[in-house]
Amino acid sequence: MNRIFGTSSSKKPRPNLQDAISSTDTRMASIEVKVKKLDGELARYKEQMARLRNGPGKNAIQERALRTLRQKRMYEAQLAQLTQQTFNMESAALATENLRNTMATVDAMKQANKELRKQYGKIDVDKIENIHYDMEDLLEQANEIQETLGRSYAVPDEIDEADLQAELDALELDIEEEGPSYLDDLNKVPDFVDEPPVEARPLMSSKTPEQKEAVKTTA
(Lines give C-alpha, C1' and ligand atoms only; values in the text may rest on other atoms or scores of the structure.)
Protein backbone atom coordinates (compact mmCIF):
# COMPACT_ATOMS: atom_id res chain seq x y z
CA MET A 1 0.00 0.00 0.00
CA ASN A 2 2.80 2.37 0.79
CA ARG A 3 4.33 1.77 -2.60
CA ILE A 4 1.03 2.60 -4.36
CA PHE A 5 -0.17 5.61 -2.42
CA GLY A 6 3.16 6.68 -1.05
CA THR A 7 4.03 7.64 2.49
CA SER A 8 3.62 10.89 4.24
CA SER A 9 6.77 12.86 4.69
CA SER A 10 8.37 12.35 8.09
CA LYS A 11 7.71 15.16 10.47
CA LYS A 12 10.74 17.19 11.37
CA PRO A 13 11.44 17.53 15.06
CA ARG A 14 10.50 20.85 16.53
CA PRO A 15 13.49 23.04 17.32
CA ASN A 16 14.18 23.56 20.96
CA LEU A 17 15.55 26.64 22.67
CA GLN A 18 19.14 25.55 22.36
CA ASP A 19 18.80 25.08 18.62
CA ALA A 20 17.15 28.49 18.28
CA ILE A 21 19.90 30.12 20.35
CA SER A 22 22.61 28.48 18.21
CA SER A 23 20.89 29.62 15.01
CA THR A 24 20.56 33.17 16.29
CA ASP A 25 24.22 33.25 17.33
CA THR A 26 25.21 32.19 13.80
CA ARG A 27 23.12 35.00 12.28
CA MET A 28 24.64 37.50 14.70
CA ALA A 29 28.16 36.41 13.77
CA SER A 30 27.33 36.85 10.07
CA ILE A 31 25.92 40.35 10.63
CA GLU A 32 28.96 41.34 12.68
CA VAL A 33 31.22 40.38 9.77
CA LYS A 34 29.12 42.58 7.44
CA VAL A 35 29.26 45.50 9.86
CA LYS A 36 33.07 45.26 10.04
CA LYS A 37 33.23 45.23 6.23
CA LEU A 38 31.05 48.36 6.06
CA ASP A 39 33.26 50.05 8.63
CA GLY A 40 36.25 49.42 6.38
CA GLU A 41 34.41 50.94 3.38
CA LEU A 42 33.41 54.00 5.40
CA ALA A 43 37.03 54.52 6.48
CA ARG A 44 38.15 54.34 2.85
CA TYR A 45 35.47 56.83 1.76
CA LYS A 46 36.51 59.17 4.54
CA GLU A 47 40.13 59.16 3.31
CA GLN A 48 39.02 59.80 -0.26
CA MET A 49 36.80 62.73 0.73
CA ALA A 50 39.65 64.21 2.73
CA ARG A 51 41.89 64.28 -0.37
CA LEU A 52 39.27 65.63 -2.81
CA ARG A 53 37.99 69.14 -3.22
CA ASN A 54 34.37 70.06 -3.37
CA GLY A 55 32.89 68.94 -6.64
CA PRO A 56 31.03 66.17 -8.41
CA GLY A 57 33.62 63.55 -7.51
CA LYS A 58 33.47 64.30 -3.82
CA ASN A 59 29.67 64.42 -3.92
CA ALA A 60 29.55 60.97 -5.50
CA ILE A 61 31.78 59.55 -2.76
CA GLN A 62 29.59 61.18 -0.12
CA GLU A 63 26.52 59.48 -1.64
CA ARG A 64 28.27 56.12 -1.46
CA ALA A 65 29.31 56.80 2.13
CA LEU A 66 25.75 57.72 3.09
CA ARG A 67 24.39 54.56 1.46
CA THR A 68 26.99 52.45 3.26
CA LEU A 69 26.20 54.18 6.56
CA ARG A 70 22.45 53.49 6.15
CA GLN A 71 23.23 49.84 5.49
CA LYS A 72 25.45 49.71 8.55
CA ARG A 73 22.73 51.20 10.74
CA MET A 74 20.27 48.62 9.42
CA TYR A 75 22.63 45.78 10.29
CA GLU A 76 23.28 47.26 13.71
CA ALA A 77 19.53 47.41 14.39
CA GLN A 78 19.17 43.76 13.35
CA LEU A 79 22.13 42.86 15.54
CA ALA A 80 20.50 44.60 18.52
CA GLN A 81 17.23 42.74 17.92
CA LEU A 82 19.00 39.40 17.65
CA THR A 83 20.96 40.13 20.81
CA GLN A 84 17.73 40.81 22.69
CA GLN A 85 16.16 37.65 21.25
CA THR A 86 19.16 35.59 22.36
CA PHE A 87 18.93 37.07 25.84
CA ASN A 88 15.22 36.25 26.05
CA MET A 89 15.75 32.69 24.83
CA GLU A 90 18.63 32.10 27.24
CA SER A 91 16.47 33.39 30.10
CA ALA A 92 13.66 31.06 29.04
CA ALA A 93 16.11 28.15 28.78
CA LEU A 94 17.46 28.91 32.25
CA ALA A 95 13.94 29.10 33.69
CA THR A 96 13.07 25.81 31.98
CA GLU A 97 16.16 24.14 33.38
CA ASN A 98 15.40 25.43 36.86
CA LEU A 99 11.84 24.16 36.58
CA ARG A 100 13.08 20.78 35.40
CA ASN A 101 15.47 20.58 38.36
CA THR A 102 12.68 21.60 40.71
CA MET A 103 10.39 18.90 39.37
CA ALA A 104 13.14 16.32 39.74
CA THR A 105 13.67 17.42 43.33
CA VAL A 106 9.95 17.22 44.06
CA ASP A 107 9.77 13.73 42.54
CA ALA A 108 12.74 12.61 44.63
CA MET A 109 11.13 14.00 47.79
CA LYS A 110 7.86 12.22 46.99
CA GLN A 111 9.70 8.95 46.49
CA ALA A 112 11.62 9.41 49.74
CA ASN A 113 8.39 10.23 51.60
CA LYS A 114 6.79 7.10 50.18
CA GLU A 115 9.73 4.96 51.28
CA LEU A 116 9.73 6.48 54.75
CA ARG A 117 6.03 5.83 55.20
CA LYS A 118 6.53 2.27 54.02
CA GLN A 119 9.40 1.63 56.41
CA TYR A 120 7.87 3.36 59.44
CA GLY A 121 4.63 1.51 58.80
CA LYS A 122 6.47 -1.70 59.73
CA ILE A 123 7.49 -0.34 63.14
CA ASP A 124 5.24 -0.89 66.16
CA VAL A 125 5.86 1.80 68.76
CA ASP A 126 4.18 -0.24 71.50
CA LYS A 127 6.56 -3.13 70.89
CA ILE A 128 9.52 -0.80 71.10
CA GLU A 129 8.31 0.55 74.44
CA ASN A 130 7.80 -2.99 75.77
CA ILE A 131 11.32 -3.92 74.70
CA HIS A 132 12.62 -0.82 76.48
CA TYR A 133 10.79 -1.73 79.70
CA ASP A 134 12.04 -5.33 79.49
CA MET A 135 15.60 -4.08 79.12
CA GLU A 136 15.22 -1.90 82.21
CA ASP A 137 13.91 -4.86 84.23
CA LEU A 138 16.76 -7.08 83.07
CA LEU A 139 19.35 -4.43 83.97
CA GLU A 140 17.82 -4.02 87.44
CA GLN A 141 17.91 -7.78 87.96
CA ALA A 142 21.53 -7.90 86.83
CA ASN A 143 22.44 -5.15 89.33
CA GLU A 144 20.68 -7.01 92.12
CA ILE A 145 22.57 -10.19 91.27
CA GLN A 146 25.90 -8.34 91.28
CA GLU A 147 25.13 -6.75 94.65
CA THR A 148 24.18 -10.17 96.07
CA LEU A 149 27.36 -11.82 94.82
CA GLY A 150 29.50 -8.98 96.12
CA ARG A 151 27.96 -9.01 99.61
CA SER A 152 30.45 -9.53 102.50
CA TYR A 153 29.71 -12.06 105.23
CA ALA A 154 30.19 -11.48 109.00
CA VAL A 155 31.20 -7.88 108.33
CA PRO A 156 29.12 -5.06 109.66
CA ASP A 157 27.49 -2.96 107.00
CA GLU A 158 28.76 0.29 108.48
CA ILE A 159 32.33 0.58 109.74
CA ASP A 160 33.44 3.67 111.57
CA GLU A 161 36.82 4.84 110.35
CA ALA A 162 37.48 6.60 113.64
CA ASP A 163 37.04 3.33 115.55
CA LEU A 164 39.47 1.59 113.23
CA GLN A 165 42.08 4.32 113.69
CA ALA A 166 41.69 4.19 117.49
CA GLU A 167 42.12 0.42 117.47
CA LEU A 168 45.26 0.75 115.32
CA ASP A 169 46.74 3.34 117.72
CA ALA A 170 46.04 1.07 120.69
CA LEU A 171 47.77 -1.84 118.95
CA GLU A 172 50.90 0.25 118.34
CA LEU A 173 50.90 1.33 121.99
CA ASP A 174 50.75 -2.31 123.15
CA ILE A 175 53.71 -3.17 120.97
CA GLU A 176 55.79 -0.34 122.47
CA GLU A 177 54.93 -1.44 126.05
CA GLU A 178 55.87 -5.06 125.41
CA GLY A 179 59.40 -4.02 124.48
CA PRO A 180 61.63 -5.29 121.70
CA SER A 181 60.61 -8.42 119.90
CA TYR A 182 62.42 -11.73 120.26
CA LEU A 183 63.43 -11.42 116.67
CA ASP A 184 65.72 -8.54 117.55
CA ASP A 185 67.87 -10.91 119.73
CA LEU A 186 68.82 -13.07 116.75
CA ASN A 187 71.43 -10.58 115.60
CA LYS A 188 73.07 -10.19 119.05
CA VAL A 189 76.31 -11.98 120.05
CA PRO A 190 75.86 -14.65 122.81
CA ASP A 191 77.01 -13.75 126.34
CA PHE A 192 79.59 -16.58 126.58
CA VAL A 193 81.68 -15.15 123.71
CA ASP A 194 84.39 -12.85 125.10
CA GLU A 195 85.62 -11.38 121.88
CA PRO A 196 83.86 -10.62 118.68
CA PRO A 197 84.42 -13.12 115.92
CA VAL A 198 87.36 -12.51 113.59
CA GLU A 199 86.84 -12.61 109.90
CA ALA A 200 88.28 -15.65 108.19
CA ARG A 201 91.55 -15.15 106.35
CA PRO A 202 93.01 -17.21 103.51
CA LEU A 203 95.07 -20.27 104.65
CA MET A 204 98.87 -19.82 104.59
CA SER A 205 101.74 -22.19 105.29
CA SER A 206 102.84 -22.08 109.03
CA LYS A 207 106.45 -23.26 108.39
CA THR A 208 109.34 -20.82 108.58
CA PRO A 209 111.92 -20.52 105.79
CA GLU A 210 114.54 -22.41 107.94
CA GLN A 211 112.14 -25.33 108.39
CA LYS A 212 111.43 -25.42 104.70
CA GLU A 213 115.20 -25.50 103.98
CA ALA A 214 115.72 -28.31 106.50
CA VAL A 215 113.04 -30.38 104.87
CA LYS A 216 114.66 -29.93 101.48
CA THR A 217 118.11 -31.03 102.94
CA THR A 218 116.63 -34.15 104.56
CA ALA A 219 114.94 -35.11 101.31
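As a reminder, the structure under discussion sits directly above these lines.
In short, a report on the structure.

Digging into the pattern of salt bridges
Alright, step 1. Tallied over the full model, the rule gives three salt bridges.
Alright, step 2. The closest approach of N and O atoms between Lys72 and Asp39, which form a salt bridge, is 2.5 Å. Taken as a pair, Lys72 in helix H3 (residues 56-120) and Asp39 in helix H2 (residues 17-51) lie far apart in primary sequence, 33 residues in all.
Alright, step 3. According to the relative accessible area criterion, Lys72 is buried, its value standing at 16%.
Alright, step 4. A relative accessible area of 31% places Asp39 in the partly exposed class.
Alright, step 5. With a closest N to O distance of 2.7 Å, Glu97 and Arg100 form a salt bridge. One end of the pair is Glu97 and the other is Arg100, both in helix H3 and three residues apart, which spans about a single turn.
Alright, step 6. By relative accessible area, which is 37% here, Glu97 ends up partly exposed.
Alright, step 7. In this structure Arg100 comes out as partly exposed when scored by relative accessible area, which is 47%.
Alright, step 8. Among the ionic contacts, a cluster of salt bridges with common partners joins Asp39, Lys72 and Glu76.

Details of the nonpolar core
Alright, step 1. Grouped together as the largest cluster of nonpolar side chains are seven residues: Met28, Ile31, Val35, Leu38, Tyr75, Leu79 and Leu82.
Alright, step 2. Broken down by secondary-structure element, the contributors of at least two residues to this core are H2 and H3.
Alright, step 3. When residues in this core are grouped by element, the largest group, four residues, is from H2.
Alright, step 4. Once you skip the residues sitting within four places of it in the chain, Tyr75 turns out to touch Ile31, Lys34, Val35 and Leu38.

Focus: the packing of H2 against H3
Alright, step 1. H3 packs onto H2 with a crossing angle of 160° between their chain directions and a minimal axis gap of 8 Å. The angle between H2 and H3 falls in the class roughly antiparallel. Crossing geometry of H2 relative to H3 is assigned as left-handed.

Some points on a nonpolar patch on the surface
Alright, step 1. On the surface, Leu116, Tyr120, Ile123 and Ile128 cluster together into a nonpolar patch covering about 420 Å² of accessible area.
Alright, step 2. The exposure class of Tyr120 is exposed, given its relative accessible area of 58%.

What about the side chain of Thr24?
Alright, step 1. With respect to the secondary-structure elements, Thr24 resides in helix H2.
Alright, step 2. Assessed through its relative accessible area of 6%, Thr24 is described here as buried.
Alright, step 3. With near-sequence residues (within four places) excluded, Thr24 lies in contact with Leu82, Thr86 and Met89.

Conventions adopted
Residues numbered from 1 in each chain as written. Predicted model: local features only at pLDDT ≥ 70, side-chain atom pairs only at ≥ 80, totals over all residues. Heavy atoms only, no water. Salt bridge = Lys/Arg side-chain N within 4 Å of Asp/Glu carboxyl O. Helix = DSSP H or I, 4+ residues; strand = E, 2+ residues; numbered from the N terminus. Buried < 20%, exposed > 50% of the residue type's maximum accessible area, 1.4 Å probe, protein only. Core = buried A, V, L, I, M, F, W, Y, C linked by side-chain atoms within 4.5 Å. Contact = heavy atoms within 4.5 Å. Axes fitted to C-alpha atoms, helices over the stretch in contact; angles between N-to-C directions. Parallel < 35°, antiparallel > 145°, perpendicular 65-115°, else oblique. Left-handed = near helix turned anticlockwise from the far one by under 90°. Patch = residues over 30% accessible without salt bridge, like charges linked within 9 Å, V, L, I, M, F, W, Y side chains within 5 Å. Areas by Shrake-Rupley, 256 points an atom, 1.4 Å probe, with all protein chains shown as cover.

Function-wise, these values are silent; they only describe arrangement.
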